[in-house]
Amino acid sequence: MSSQKSTSADTAVTGVLDADRAPKRARGRMRVAALLDAATLVFAEKGYDAATMTEIAARSSTAIGSLYRFFPSKEALAEGLLHRYGERAGAGLDAIAARASDMTATQMADALLDLMMALKSERTALKVLMDARVDGANRRRYLLGVIRGRMAGVLSAHAPGLSAERADLLSIMLLHLMKTIPELAQEAEAAALFQEMRLVLSAYLTAAVAGG
């Protein structure tokens, strides 16, 4: 992993904690990242109610006291995961936007597909957390709004001639198409289906931008 990527990851991880709990050293930031990674897996596997702080600490090979030092409750840990997902999805889309002007529709499709697969486990945990929270619907709308805005930015960078309204509409359609990507990974024909999805995204981007 490059130093630039490490810095971005550390920033995203540190951002989930308040000033008093945020780790000051790289080792502490790595510990928080490990805790969030373990929580992602446990929430995805067990659901929110059945997941326990004890199992999350054990899964990350961390003392339970260290877990509670950074995240005093399961609710705080869930909030940390929601925050990190938004940070990672936004950073991934921003990175694509930075290269979008030089990308073909096929390259754009590949980049979007790779990003969705990289976030697969976090998306599964995210759905569990949203369904469990009283304010889940509001949080879902908020996160979708943020990601939709970043996606529109990707499209505008790729095709500067698109109007803001057209870029927003295309971003909604792309997000709906991309929602199916993690589900394809569960199919026996996953590898072949990914190639089909690449064709779908590439064809849609080509036609949509040309018609913009």
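The notes below deal with the structure included here. Because the structure is predicted, anything quoted here is derived from the model rather than measured. (Residues numbered from 1 in each chain as written. Predicted model: local features only at pLDDT ≥ 70, side-chain atom pairs only at ≥ 80, totals over all residues. Heavy atoms only, no water.)

**Let's talk about the overall build of the chain**
Operational definition: Secondary structure elements follow DSSP: runs of H or I no shorter than four residues count as helices, runs of E no shorter than two count as strands, and numbering proceeds from the N terminus. The criterion used for residue contact is that any of the two residues' heavy atoms lie within 4.5 Å.
A count of helices and strands for the chain gives 11 helices and zero strands. Going from N to C terminus, the chain has its helices and strands arranged as α-α-α-α-α-α-α-α-α-α-α. By sequence separation, contacts in the chain at least 24 residues apart represent 63% of the contacts at least 6 residues apart.

**Notes on the pattern of salt bridges**
The condition that has to hold: Salt bridges are defined by distance alone: a side-chain nitrogen of Lys or Arg within 4 Å of a carboxyl oxygen of Asp or Glu. Burial classes follow relative accessibility: with a 1.4 Å probe on protein chains only, a residue under 20% of its type's maximum area counts as buried, one over 50% as exposed, and anything between as partly exposed.
A complete count under the given rule lists 13 salt bridges for this structure. One salt bridge in this structure joins Glu122 and Arg88, with 2.9 Å as the shortest N-O distance. Taken together, the residues Glu122 in helix α7 (residues 120-132) and Arg88 in helix α5 (residues 74-99) connect sequence positions 34 residues apart. Relative accessible area serves as the criterion here: at 10%, Glu122 is assigned to the buried category. Classification of Arg88 as partly exposed rests on a relative accessible area of 29%. The residue Asp110 makes a salt bridge to Arg198 at a minimum N-O spacing of 2.8 Å.

**Let's talk about the side chain of His158**
Note on placement: His158 falls in helix α8 (residues 136-158). His158 sits in the buried class, given a relative accessible area of 17%. Apart from the residues within four sequence positions on either side, His158 is in contact with Ala100, Ser101, Met103, Thr104, Ala105, Met108 and Val209.

**Things to note about helix α2 (residues 26-46)**
Cut-off, in case you're wondering: A helix's residues, less one, multiplied by 1.5 Å, set its expected span.
The end-to-end C-alpha distance of α2, which contains 21 residues, comes to 30 Å, matching closely the 30 Å that a straight helix rising 1.5 Å per residue would cover. Directly beyond the C-terminal end of α2, a positive phi value near 90 degrees is found at Gly47.

**Description of the environment of Leu112**
Tracing the chain through its elements places Leu112 in helix α6 (residues 105-118). The spatial distance from the C-alpha of Leu112 to the C-alpha of Met178 is 8.0 Å, given a sequence separation of 66 residues.

**Some details on α6**
The end-to-end C-alpha distance of α6, which contains 14 residues, comes to 20 Å, matching closely the 20 Å that a straight helix rising 1.5 Å per residue would cover. Those residues of α6 lying buried are Ala105, Met108, Ala109, Ala111, Leu112, Leu113, Leu115 and Met116. Where α6 is buried, its residues touch α5, α7, α8, α9 (164-178), α10 (181-184) and α11 (190-210).

**A closer look at the nonpolar core**
Inclusion rule: We call a set of buried Ala, Val, Leu, Ile, Met, Phe, Trp, Tyr and Cys residues a nonpolar core when their side-chain atoms join them within 4.5 Å.
Core analysis: the biggest nonpolar cluster contains 58 residues, and Phe43 and Leu77 have the highest contact counts within it. In this structure Leu77 touches Leu36, Ala39, Phe43, Met53, Ile56, Leu67 and Phe71, once residues within four positions along its chain are discounted.

**Focus on unusual backbone geometry**
We note that Ser61 has phi near 55 degrees; this positive angle belongs to a residue other than glycine. Mapped onto the elements of the fold, Ser61 is located in the loop between α3 (53-59) and α4 (64-70).

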